[in-house]
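Given next are the chains, with one letter for each unit.
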Amino acid sequence: MTLEDTTGNKTAPSGDDYLRRRTLRRGSAGWLLLTGLGVAYVVSGDFSGWNIGLSKGGFGGLAIATVLMGVMYACLVFALAELSAILPTAGGGYGFARRALGTWGGFLTGTAILIEYVLAPAAISIFIGDYVESLGLFGLESGWPVYLACFVIFIGIHLWGVGEALRFSLVVTAIAVAALLIFAVGALTDFHVSGLDDIPVDKGALGSNSWLPFGLLGIWAAFPFGMWFFLGVEGVPLAAEEAKDPVRSMPRALALSMGILALLALVTFFAATGAKGSAAIQEAGNPLVVALQGDGDPTALSRFVNYAGLAGLVASFFSLIYAGSRQLFALSRAGYLPRFLSLTSRRKSPYLGLLIPGAIGFALAAGTGDGARMLNIAVFGATISYALMALSHIVLRRREPDLPRPYRTPGGVLTSSVAFVLALSALVATFLVDKDAAFIALAVYVVALAYFAFYSRHRLVAKAPEEEFAALAAAEAELERD
């Protein structure tokens, strides 16, 4: 027997036993752990990566890009807070898009999120290896043994249980945040305004000056790097099924996470560029350390920040593994991906959803060693998902205006429309930074869409939470028409 979903596609039957074998541990995370998770996703981006935007747009270009991307994330976070209170499931953005845009919209969004959360940990494991080597820890060099240790140790903690995993993440994140604030205090004692606009001006660029050395186009090219201060915070709703009172805790955690990240972006950006100048740190792999010591000998503070950078990388790596496993779990449980991937252990951890992406991430890290390229692919996937999640908020507001909304987005559709436009702008900007990465991501998309079109869309699971929400909405709409 099969059931029909709201799009006319056939869905596979699913009994109570099916969902019992695919259950997460509910009530494991309150607002504090969720806030820590939101910051953990992002905090490594404060230690490195964002500074490359100085080489694309200069101080002024990156500053404007960061403000615009901050606005995008703030608007998106407010929209997601409303959506997560309506649909508190592990599907996160995929679940929102499934309700608003149908099965195709759900799969497109979920695939984009998976691209981000599978590629980003692989890239960060390479950066962890570089940090371990530069710090001389245990005499290790960056390479596959370090990458493997990262995946084995931190996936092992996740398999232990979500509560333990999020508490570990909170502790490591707190260390990284404290280090950023200490760095800012140290760097601001050597702040010089003249260092902000010291990058040579490209006189042939339209609108170029000392603050915009690469002209107006440099602002746009810096978009992906302005995103590094916030990239990943949108993953907090993926913990909805494991949260305590998600209707109340999810909006609170999202707002607090975004506020903390905005503050860290502000102090990190100004302190680093003002201490040694934009030109000195624009290509640095560890810009905060360079800002503190330049070409001189290491200081006690620069060593501390260097070690803290490793803590920040670990926090982001650890939390992104969590996010990827929950997105994979939700897509698999609903039948969009092979169903066996959503099986959970006795400790209610989606073990295959952790192990298989981990194996793929390790293979990519060990096989390519190109962390920058993988992060660019991840950013491409992220921008697609942002546009679709913002669109989902707009569609649900217009199609289901009377839907109970325990939390309402300030500004309503206007807020999510701003996020939608800026997300599309950021998507186009990825082609200005790394065309190859964008086309690789598109190729992965094509393969995934072919799988969905010819196979999985005919085998969706009717009793998966996201499918039940959609079926209920369709039934209510039909009753209103009658």
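Residues numbered from 1 in each chain as written. Predicted model: local features only at pLDDT ≥ 70, side-chain atom pairs only at ≥ 80, totals over all residues. Heavy atoms only, no water.

Here we look at the overall build of the protein
When helices and strands are counted, the protein shows 18 helices and three strands. Taken against the 2.2 N^0.38 rule, which gives 23 Å for 482 residues, the C-alpha radius of gyration of the protein at 22 Å falls within 12% of a compact globule. Overall, the C-alpha framework of the protein stretches about 70 × 50 × 40 Å when taken along its three principal axes. Counting every position in the protein, which comprises 482 residues, the buried fraction comes to 60%. Surface summary for the protein: the accessible area is close to 18,300 Å², and the carbon and sulfur share equals 66%. Separation of charge centres in the protein, based on 33 positive and 34 negative side chains, amounts to 8 Å. (Helix = DSSP H or I, 4+ residues; strand = E, 2+ residues; numbered from the N terminus. Rg over C-alpha atoms; globule rule 2.2 N^0.38 Å. Buried < 20%, exposed > 50% of the residue type's maximum accessible area, 1.4 Å probe, protein only. Areas by Shrake-Rupley, 256 points an atom, 1.4 Å probe, with all protein chains shown as cover. Lys, Arg positive; Asp, Glu negative; His and termini not counted. Charge placed at Lys NZ, Arg CZ, Asp CG, Glu CD.)

Description of a nonpolar patch on the surface
On the surface, a cluster of nonpolar side chains totalling about 330 Å² of accessible area is made up of V67, V71, L414 and V418. Among the elements of the structure, α4 (54-86) and α16 (413-433) are those that each provide at least two residues to the nonpolar patch. Note on V71: relative accessible area 35%, which makes it partly exposed. (Patch = residues over 30% accessible without salt bridge, like charges linked within 9 Å, V, L, I, M, F, W, Y side chains within 5 Å. Salt bridge = Lys/Arg side-chain N within 4 Å of Asp/Glu carboxyl O.)

Let's talk about the packing of aromatic side chains
For the structure shown, the criterion picks out 25 aromatic pairs. With 5.0 Å between their ring centres and 15° between their planes, F59 and F269 make a pair best called stacked. Linking F59 in helix α4 with F269 in helix α10 (residues 246-276), this pair joins segments that are 210 residues apart in sequence. Each ring, one from F107 and one from F452, has its centre 4.5 Å from the other, and the planes form 10°; the classification is stacked. With F107 in helix α5 (residues 93-135) and F452 in helix α17 (residues 435-454), the pair connects residues that are 345 residues apart, well separated along the chain. Through a chain of ring-to-ring contacts, three or more aromatic side chains come together here, namely W50, F59, Y73, W211, F229, F230, F269, F270 and Y386. Against the face of W31 rests R252, its NZ or CZ located 4.0 Å from the ring centre. (Phe/Tyr/Trp six-rings, centres within 6.5 Å; stacked < 30°, edge-to-face > 60°. Lys NZ or Arg CZ within 6 Å of the ring centre and 35° of its normal.)

Observations concerning α17
Here α17 spans 29 Å end to end across 20 residues, near enough to the 28 Å set by a 1.5 Å rise per residue. Residues of α17 that are buried: A437, A438, A441, Y445, A448, F452 and A453. Summarising the axial view, the buried residues of α17 lie within an arc of 135°, below the 170-degree limit, and thus occupy one face. The exposed residues of α17 that point more than 90 degrees off its buried face are K435, V446, V447 and F454. Against α5, α15 (371-399), α16 and β3 (460-461) lie the buried residues of α17. By the N-cap criterion, in which a side-chain oxygen at the helix start approaches the backbone nitrogen of a residue two or three places on, α17 is capped by D434, the distance to D436 being 3.3 Å. (Expected span 1.5 Å × (residues − 1). Arc of directions from axis to C-beta. Contact = heavy atoms within 4.5 Å. Polar contact = N/O pair within 3.5 Å; in protein donor to acceptor, adjacent residues only side chain to side chain.)

Topic: α15
Residues spaced three or four apart along an α-helix face the same direction, because each turn holds 3.6 residues. Spanning 29 residues, α15 covers 42 Å between terminal C-alpha atoms, matching the ideal 42 Å at 1.5 Å per step. α15 sits mainly inside the fold: 24 of its 29 residues count as buried.

Brief notes about the pattern of salt bridges
Here the structure, examined in full by the defined rule, presents seven salt bridges. We note a salt bridge from E82 to R397, for which the minimum N-O separation is 2.8 Å. With a gap of 315 residues between them, E82 in helix α4 and R397 in helix α15 connect regions that are remote in the sequence. Between D434 and R373 there is a salt bridge, with its nearest N and O atoms 2.7 Å apart. Residue D434 is located in the loop between α16 and α17, and its partner R373 is located in helix α15; the two are separated by 61 residues in the primary sequence. Salt bridges sharing partners connect three or more residues here, namely E82, R397 and R405.

Quick word on the packing of α4 against α10
Across the interface, α4 lies against α10 with an axial gap of 8 Å and an inter-helix angle of 170°. It follows that α4 is roughly antiparallel to α10 by the angle criterion. Contact with α4, carried on its side by L54, F59, L62, A63, G70, Y73, A74, V77, L80, A81, S84 and A85, involves V247, M250, P251, L254, A255, M258, F269, F270 and T273 of α10 and no other residues of that element. Of the residues contributing to the contact of α4 with α10, the split by class is 18 nonpolar, three polar and no charged. (Axes fitted to C-alpha atoms, helices over the stretch in contact; angles between N-to-C directions. Parallel < 35°, antiparallel > 145°, perpendicular 65-115°, else oblique. Nonpolar A, V, L, I, M, F, W, Y, C, P; charged D, E, K, R; others polar.)

Examining the side chain of T273
Within the secondary structure, T273 sits in helix α10. Within the structure, the side chain of T273 is placed 2.7 Å from the backbone oxygen of F269, a separation counted as a polar contact. A polar contact is formed between the side chain of T273 and the backbone oxygen of F270, at a distance of 3.4 Å. Setting aside residues up to four positions removed in sequence, T273 forms contacts with W50, L54, F59, G195, L196, S278 and I281.

So, the side chain of T111
Tracing the chain through its elements places T111 in helix α5. Among the polar contacts made by the side chain of T111, one reaches the main-chain carbonyl oxygen of F107 at a distance of 2.8 Å. In this structure T111 touches Y445 and A448, once residues within four positions along its chain are discounted.

Here's the deal with the nonpolar core
Residues F47, W50, Y73, I128, F183, M227 and Y386 are the most contacted members of the largest nonpolar core, which totals 156 residues. Beyond its immediate chain neighbours, meaning those up to four positions away, F183 contacts T268, A271, A272, L288, A291, L292 and V305. (Core = buried A, V, L, I, M, F, W, Y, C linked by side-chain atoms within 4.5 Å.)

Things to note about unusual backbone geometry
Residue D245 is not a glycine yet carries a positive backbone phi of 45°. Note on placement: D245 falls in the loop between α9 (223-226) and α10. According to the relative accessible area criterion, D245 is partly exposed, its value standing at 42%.

Notes on the packing of helix α6 (residues 144-160) against helix α13 (residues 300-333)
Contact geometry for α6 and α13: axes closest at 10 Å, N-to-C directions at 55°. Compared by their axis directions, α6 and α13 come out oblique. In the crossing of α6 with α13, the sense of the turn from one axis to the other is right-handed. Where α6 approaches α13, its residues C150, F151, F154, I155, I157 and H158 are matched on the opposing element by V314, F317, F318, I321 and Y322. Looking at the contact of α6 with α13 residue by residue, the classes come out as ten nonpolar, one polar and no charged. (Left-handed = near helix turned anticlockwise from the far one by under 90°.)

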